[in-house]
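Below, each chain spelled out in residue letters.
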Amino acid sequence: FYGAWDGVETGNDRIYTAWTEDFLSFHDRHMVIDHGVYTHVCNCCTIRTPEGWRMMCTAYPHTQGGLNRPAAYESADGLTWSGAAPYQAAFSDLVTMEGYAKWDNADINGMNAILHEDGQYRLYFGDFRSFGKVHRASSTDMRHFTYDGTVLDGPVAVNDVKRIDIAGQPWYLMAAHMNGDTMWYSLSQDGMSFGPRHVLTRN
């Protein structure tokens, strides 16, 4: 799954899917979410849960104008999202959040990593209007979130978070970037307190 303008006449980001067996050649490309009421829908983070596929994207601009916000989508097969193929993005897709005091003016662009565990959806995000921290919020329906707190200090954009259980103990792996030549990783054992960043790779 990826966000781009791909084979269309206008430069509006949309969400596509494509298949690969080797990560070198790709085929069967489909648009799954059109930008609809937004200028762009991009920066997707997609996971598979026991209930089906779930996706969190960046939608721009949200209803107050000029800001980016997370928008949530669901699918049974990864092709038909929110009941349509392709789905036309709507303002009703935007998630809500309680407890993050700066939510009304937050600019969350490309920092909407989603993790599913123990019946909860965890949203890891950053806010360009108050940059320098990665935050977490939790939800049971991936629509209405409650703020959990800051999980990492540092001027990075969270790209993904995975949970890996080893010998009965959970480990959380966060990947982050800043649109430059470096990607970082950070580790946690509770999903809330992440340790120092380490270089994962450079271009």
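Look up: the structure comes first, before these words.
To start, this report covers the structure provided alongside it.

Conventions and cut-offs
Residues numbered from 1 in each chain as written. Predicted model: local features only at pLDDT ≥ 70, side-chain atom pairs only at ≥ 80, totals over all residues. Heavy atoms only, no water. Pairing = 2+ DSSP bridges. Helix = DSSP H or I, 4+ residues; strand = E, 2+ residues; numbered from the N terminus. Axes fitted to C-alpha atoms, helices over the stretch in contact; angles between N-to-C directions. Phe/Tyr/Trp six-rings, centres within 6.5 Å; stacked < 30°, edge-to-face > 60°. Buried < 20%, exposed > 50% of the residue type's maximum accessible area, 1.4 Å probe, protein only. Contact = heavy atoms within 4.5 Å.

## Let's talk about the sheet that holds strand β16 (residues 198-202)
So, point 1. Pairing is antiparallel in the open sheet, where 4 strands are placed in the order β13-β14-β15-β16. Each edge of the open sheet carries a strand with a single partner, namely β13 (157-166) and β16. Neighbour-to-neighbour, the strand axes of the sheet open up by a mean angle of 25°, direction not taken into account.

## Quick look at the packing of aromatic side chains
So, point 1. The full count for this structure, using the stated rule, is 11 aromatic pairs.
So, point 2. Both rings, one in Y124 and one in F194, keep their centres 6.0 Å apart while their planes meet at 90°; by these two values the pair is edge-to-face. Pair noted here: Y124 is in strand β10 (residues 120-125) and F194 is in the loop between β15 (182-188) and β16, with a separation of 70 residues, a long-range link. The same class applies to Y124 and to F194, which are both buried.
So, point 3. Residues F128 and F131 carry aromatic rings whose centres are separated by 5.0 Å and whose planes lie at 25° to one another, so their mutual orientation is stacked.
So, point 4. In this structure F128 comes out as partly exposed when scored by relative accessible area, which is 35%.
So, point 5. Judged by its relative accessible area of 33%, F131 is partly exposed.

## Comments concerning the environment of P155
So, point 1. Inspection of the secondary structure puts P155 in the loop between β12 (144-153) and β13.
So, point 2. Judged by relative accessible area, P155 falls into the partly exposed class, the value being 48%.
So, point 3. A sequence separation of 119 residues divides P155 from G36, and the C-alpha atoms of the two residues are 31 Å apart.
So, point 4. With residues near it in sequence (within four places) discarded, P155 still touches F131, G132, M178 and R197.

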